[in-house]
Amino acid sequence: MTMELTYRGTVYPWHCDHIGHMNIMWYVGKFDEANWNLFARIGLTPTYLRESGCGMAAVQQNITYKRELLAGDIVEITSSLLAIGDKSIRFVHEMRDGETGEIAAICEITGVHMDRQARRSVAFTDAIRRGASSYLADAEAVPA
(Lines give C-alpha, C1' and ligand atoms only; values in the text may rest on other atoms or scores of the structure.)
Protein backbone atom coordinates (compact mmCIF):
# COMPACT_ATOMS: atom_id res chain seq x y z
CA MET A 1 0.00 0.00 0.00
CA THR A 2 1.45 3.34 -1.06
CA MET A 3 1.20 6.09 1.50
CA GLU A 4 1.44 9.76 0.47
CA LEU A 5 2.36 12.69 2.70
CA THR A 6 -0.82 14.61 3.58
CA TYR A 7 0.24 16.60 6.66
CA ARG A 8 3.37 17.97 8.29
CA GLY A 9 3.45 20.02 11.47
CA THR A 10 4.77 20.38 15.00
CA VAL A 11 3.52 19.58 18.49
CA TYR A 12 3.30 22.84 20.44
CA PRO A 13 3.25 23.02 24.25
CA TRP A 14 -0.45 24.01 24.23
CA HIS A 15 -1.20 20.71 22.42
CA CYS A 16 -0.05 18.82 25.51
CA ASP A 17 -2.13 17.72 28.47
CA HIS A 18 -1.33 17.47 32.18
CA ILE A 19 0.64 14.26 31.56
CA GLY A 20 2.95 16.09 29.16
CA HIS A 21 2.08 14.47 25.85
CA MET A 22 -0.06 15.60 22.94
CA ASN A 23 -3.72 15.38 23.93
CA ILE A 24 -6.03 13.17 21.88
CA MET A 25 -8.01 16.17 20.59
CA TRP A 26 -4.90 17.25 18.67
CA TYR A 27 -4.31 13.80 17.19
CA VAL A 28 -7.86 13.97 15.82
CA GLY A 29 -7.34 17.53 14.58
CA LYS A 30 -4.14 16.68 12.73
CA PHE A 31 -5.78 13.62 11.16
CA ASP A 32 -8.64 15.89 10.07
CA GLU A 33 -6.20 18.22 8.31
CA ALA A 34 -4.70 15.22 6.51
CA ASN A 35 -8.24 14.22 5.39
CA TRP A 36 -8.69 17.42 3.40
CA ASN A 37 -5.35 17.04 1.64
CA LEU A 38 -6.20 13.46 0.68
CA PHE A 39 -9.69 14.49 -0.47
CA ALA A 40 -8.32 17.27 -2.69
CA ARG A 41 -6.10 14.76 -4.51
CA ILE A 42 -9.15 12.80 -5.68
CA GLY A 43 -11.25 15.83 -6.61
CA LEU A 44 -13.04 16.62 -3.34
CA THR A 45 -11.49 20.08 -3.40
CA PRO A 46 -12.73 23.10 -1.42
CA THR A 47 -14.07 24.57 -4.69
CA TYR A 48 -15.98 21.39 -5.53
CA LEU A 49 -17.47 21.21 -2.03
CA ARG A 50 -18.53 24.89 -2.06
CA GLU A 51 -19.97 24.86 -5.59
CA SER A 52 -21.69 21.46 -5.49
CA GLY A 53 -23.45 21.88 -2.17
CA CYS A 54 -21.94 18.57 -1.12
CA GLY A 55 -19.86 17.72 1.90
CA MET A 56 -18.19 14.82 3.64
CA ALA A 57 -19.25 13.31 6.96
CA ALA A 58 -17.19 10.84 8.98
CA VAL A 59 -19.36 7.92 10.05
CA GLN A 60 -16.67 5.76 11.62
CA GLN A 61 -13.20 6.57 12.92
CA ASN A 62 -10.88 4.12 14.64
CA ILE A 63 -7.62 5.38 16.15
CA THR A 64 -4.84 3.21 17.50
CA TYR A 65 -2.31 5.06 19.66
CA LYS A 66 1.18 3.55 19.46
CA ARG A 67 3.46 6.10 21.18
CA GLU A 68 3.19 9.54 22.67
CA LEU A 69 4.25 12.75 20.98
CA LEU A 70 5.77 15.56 23.04
CA ALA A 71 6.10 19.32 22.68
CA GLY A 72 8.60 20.08 19.92
CA ASP A 73 8.12 16.80 18.05
CA ILE A 74 7.71 16.99 14.28
CA VAL A 75 4.55 15.25 13.06
CA GLU A 76 4.13 13.70 9.62
CA ILE A 77 0.99 11.98 8.38
CA THR A 78 0.87 9.75 5.35
CA SER A 79 -2.41 8.52 3.94
CA SER A 80 -3.80 5.95 1.58
CA LEU A 81 -7.19 5.39 0.01
CA LEU A 82 -8.45 1.89 0.86
CA ALA A 83 -11.82 1.78 -0.93
CA ILE A 84 -14.43 3.94 -2.63
CA GLY A 85 -18.05 2.95 -2.97
CA ASP A 86 -21.00 4.69 -4.60
CA LYS A 87 -21.42 7.14 -1.69
CA SER A 88 -18.68 6.26 0.79
CA ILE A 89 -14.92 6.23 1.05
CA ARG A 90 -12.52 4.45 3.38
CA PHE A 91 -8.95 5.54 4.01
CA VAL A 92 -6.12 5.22 6.51
CA HIS A 93 -3.63 7.68 8.01
CA GLU A 94 -0.33 6.90 9.74
CA MET A 95 1.00 9.60 12.07
CA ARG A 96 4.76 9.41 12.61
CA ASP A 97 7.38 11.20 14.61
CA GLY A 98 9.11 13.10 11.79
CA GLU A 99 12.52 12.75 13.41
CA THR A 100 12.53 9.05 14.31
CA GLY A 101 9.99 7.71 11.81
CA GLU A 102 8.20 5.85 14.61
CA ILE A 103 4.45 5.41 14.21
CA ALA A 104 2.62 7.42 16.88
CA ALA A 105 -0.95 6.63 15.79
CA ILE A 106 -2.98 5.02 13.01
CA CYS A 107 -6.44 6.25 12.05
CA GLU A 108 -8.88 4.50 9.73
CA ILE A 109 -11.92 6.50 8.66
CA THR A 110 -15.08 5.82 6.69
CA GLY A 111 -16.68 8.92 5.24
CA VAL A 112 -19.93 9.53 3.38
CA HIS A 113 -20.49 11.98 0.53
CA MET A 114 -23.60 14.00 1.27
CA ASP A 115 -25.91 16.72 0.00
CA ARG A 116 -25.57 19.43 2.66
CA GLN A 117 -29.03 20.89 2.01
CA ALA A 118 -30.98 17.62 1.96
CA ARG A 119 -28.75 16.12 4.71
CA ARG A 120 -28.67 12.82 2.78
CA SER A 121 -25.93 10.74 1.26
CA VAL A 122 -25.44 11.13 -2.50
CA ALA A 123 -23.33 9.35 -5.08
CA PHE A 124 -19.87 10.63 -5.91
CA THR A 125 -19.55 12.27 -9.33
CA ASP A 126 -17.95 10.24 -12.11
CA ALA A 127 -14.94 12.58 -12.03
CA ILE A 128 -14.34 11.93 -8.33
CA ARG A 129 -14.81 8.20 -8.77
CA ARG A 130 -12.27 8.25 -11.63
CA GLY A 131 -9.82 10.27 -9.53
CA ALA A 132 -10.20 7.89 -6.61
CA SER A 133 -10.04 4.80 -8.81
CA SER A 134 -6.81 5.96 -10.42
CA TYR A 135 -5.42 6.67 -6.94
CA LEU A 136 -6.37 3.13 -5.89
CA ALA A 137 -4.90 1.70 -9.09
CA ASP A 138 -1.66 3.63 -8.50
CA ALA A 139 -1.52 2.40 -4.93
CA GLU A 140 -1.96 -1.21 -6.06
CA ALA A 141 0.58 -0.89 -8.91
CA VAL A 142 3.41 0.46 -6.76
CA PRO A 143 5.14 -1.91 -4.34
CA ALA A 144 4.92 -0.84 -0.69
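Heads up: the structure comes first, above all this text.
Residues numbered from 1 in each chain as written. Predicted model: local features only at pLDDT ≥ 70, side-chain atom pairs only at ≥ 80, totals over all residues. Heavy atoms only, no water.

Quick question: what am I supposed to make of the pattern of salt bridges here?
Once the charged atoms of two side chains with opposite charge are near each other, the side chains can pair. The final tally for this structure, using the stated rule, is six salt bridges. Here R67 makes a salt bridge to E102, at a shortest N to O gap of 3.6 Å. With R67 in the loop between β2 (54–65) and β3 (74–84) and E102 in the loop between β4 (88–97) and β5 (103–115), this residue pair connects regions lying 35 residues apart in the sequence. The partly exposed category is assigned to E102, whose relative accessible area is 41%. One salt bridge in this structure joins E108 and R90, with 2.9 Å as the shortest N-O distance. Of this pair, E108 sits in strand β5 while R90 sits in strand β4, and the two are 18 residues apart along the sequence. With relative accessibility at 33%, the residue R90 sits in the partly exposed group. One network of salt bridges, in which partners are shared, links R67, D97 and E102. (Salt bridge = Lys/Arg side-chain N within 4 Å of Asp/Glu carboxyl O. Helix = DSSP H or I, 4+ residues; strand = E, 2+ residues; numbered from the N terminus. Buried < 20%, exposed > 50% of the residue type's maximum accessible area, 1.4 Å probe, protein only.)

Explain unusual backbone geometry here, please?
The general pattern is negative phi for most residues beyond glycine and trans for most peptide bonds. A positive phi angle is found at R119, which is not glycine, with a value near 60°. Along the chain, the position of R119 falls in the loop between β5 and β6 (120–121).

Could you clarify how one ought to interpret the environment of E94 in this entry?
Along the polypeptide, E94 turns up in strand β4. The buried category is assigned to E94, whose relative accessible area is 17%. Between the C-alpha atom of E94 and that of S79, which follows or precedes it by 15 residues, the distance is 6.4 Å. In contact with E94, other than residues within four places in its own chain, are M3, E76, I77, T78, I103, A105 and I106. (Contact = heavy atoms within 4.5 Å.)

How should the side chain of K30 be read in this particular structure?
Residue position: K30 is located in helix α1 (residues 24–41). For the buried residue K30, which engages in no salt bridge, the nearest side chain bearing the opposite charge is E33, 5.8 Å off. One polar contact links K30 to Y7, side chain to side chain, over a distance of 3.0 Å. (Lys, Arg positive; Asp, Glu negative; His and termini not counted. Polar contact = N/O pair within 3.5 Å; in protein donor to acceptor, adjacent residues only side chain to side chain.)

Looking at this model, I keep getting lost on the nonpolar core. Mind explaining?
As a rule of thumb, soluble globular proteins bury nonpolar side chains together. With 32 residues, the main nonpolar core has L44, L69, L81, I89 and M95 as its most contacted residues. Sorting the residues of this core by element identifies α1, α2 (46–52), β2, β3, β4, β5 and α3 (126–141) as the ones contributing at least two each. In terms of residue count, α1 provides more of this core than any other element does, five residues in total. Once you skip the residues sitting within four places of it in the chain, I89 turns out to touch F39, I42, M56, L81, A83, I84, I109, T110, G111 and F124. (Core = buried A, V, L, I, M, F, W, Y, C linked by side-chain atoms within 4.5 Å.)

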